[in-house]
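Summary of structural features
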Amino acid sequence: MIPMTLKNMPLKNTPERWGPISQLLHWTILVLILVMAYLGLTMTELPNGLDKIRTYALHKSIGLTILGLVTLRVLWRLYAGTPEPVPGTPTWQERIASLTHFALYVLLFAIPLSGWVVNSSAGFPLQWFGLFNLPAIAGKDHDLHELSEVVHEVLFWILVALVFMHAAAAFYHHLFQRDATLARMLPRGWLSSGPKENHDVA
Ligand code: HEM
Ligand code: HEM
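Read on for a plain summary of the structure.

Reading the values: the criteria
- Residues numbered from 1 in each chain as written.
- Chains lettered and ligands numbered in written order.
- Predicted model: local features only at pLDDT ≥ 70, side-chain atom pairs only at ≥ 80, totals over all residues.
- Heavy atoms only, no water.
- Donors = N, O, S within 2.8 Å, 3.2 Å for Na, K, Ca; no water.
- Tetrahedral: all angles 85-135°; square planar, octahedral: opposite > 155°, others 65-115°.
- Helix = DSSP H or I, 4+ residues; strand = E, 2+ residues; numbered from the N terminus.
- Buried < 20%, exposed > 50% of the residue type's maximum accessible area, 1.4 Å probe, protein only.
- Near = heavy atom within 4 Å.
- Polar contact = N/O pair within 3.5 Å; in protein donor to acceptor, adjacent residues only side chain to side chain.

The next subject is the coordination of the iron atom of ligand 2. Surrounding the iron atom of ligand 2 are the protein donor atoms His-26 (NE2) and His-166 (NE2), which sit 2.0 Å from the metal. Its six donor atoms give the iron atom of ligand 2 angles of 86 to 179° at the centre, a pattern that matches the octahedral case. Of this pair, His-26 sits in helix α2 (residues 20–43) while His-166 sits in helix α5 (residues 142–177), placing them 140 residues apart in sequence. Look at His-26 and you get buried, because its relative accessible area is 14%. Overall, the relative accessible area of 25% leaves His-166 in the partly exposed class.

If you check the shell around ligand 1, you find 22 residues, and the closest are Met-36, Gly-40, His-59, Gly-115 and His-152. Residue Glu-149 places a side-chain N or O atom 3.5 Å away from an oxygen atom belonging to ligand 1. Between ligand 1 and His-152 there is a distance of 2.8 Å, counted from a nitrogen atom to a side-chain nitrogen or oxygen. Counting only elements with at least two residues in the shell around ligand 1, the list comes to α2, α3 (50–80), α4 (91–121) and α5. Here the shell around ligand 1 gets six residues from one element, more than from any other, and that element is α3.

Moving on: the site of ligand 2. Every one of the 19 residues lining ligand 2 counts as a neighbour, but Trp-18, His-26, Arg-77, Tyr-105 and His-166 are closest to it. Separating a nitrogen atom of ligand 2 from a side-chain N or O atom of His-26 is a distance of 2.8 Å. The contact in question runs from a nitrogen atom of ligand 2 to an N or O atom on the side chain of His-166, over 2.7 Å. Of all the elements in the fold, those that place two or more residues in the shell around ligand 2 are α2, α3, α4 and α5.

Coordinates in, geometry out; function isn't part of it.
Here's what the structure looks like:
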């Protein structure tokens, strides 16, 4: 039997808030990005050996998982729609938020794809958690390898900068504007979001 709370909870996004699927994808990708940042920034310094090979393989597998999850996330967004802007948000803030979100999506595709090019142009095989092989997306090419390494790293640092801005904006909305921006990306009831979420009561 499905509990009443689950039965009444729409999976899709509503005009007021993000639904559980969008929330799950958002926060799972955040956690995976943190793991990837740690692996990426430490693995290049590891001494050559099995540990290094295993860490690279893990980095690549999680990176491909992010690529799959972000594809799902965009498809789900197309199907499930998006909430309307939080009431009271000035138009200029909405525009910057939309631009930042768009850039974050572009980076979530471009970073793993550039990593895939790093791998393919080095002529290395690619597997997903040792379960199956993926094709090369570029031929073996030394110059392309060097270039894609730089691109992969630079895009990562751009992502870091944007995520800091993005998270700061979310906390600013929550703490100072006291609106529902952050609360509506979290399960209902996790955060009380001040007087402006009154429109959001079930
Ligand atoms: C969102 C996903 C990803 C993130 C956030 C990420 C992040 C990073 C970071 C921070 C580094 C270290 C850069 C440096 O200091 O040189 C790195 C290196 C690397 N990444 Fe990724 N990565 C992602 C996906 C992938 C994927 C899918 C692949 C391969 C299929 C991949 C392959 C590599 C390789 C081979 C290196 C080492 C490059 C070198 O030796 O300089 N990455 N990644
Ligand atoms: C502590 C870290 C983070 C916080 C507090 C946070 C918070 C939020 C909030 C509150 C929203 C909803 C905004 C709204 O309804 O207008 C949102 C949306 C979004 N977040 Fe985050 N986020 C964080 C990290 C990340 C990371 C790491 C990424 C990607 C790498 C990311 C990508 C996005 C995207 C693309 C959207 C737009 C969703 C859409 O329009 O489909 N966020 N975030």
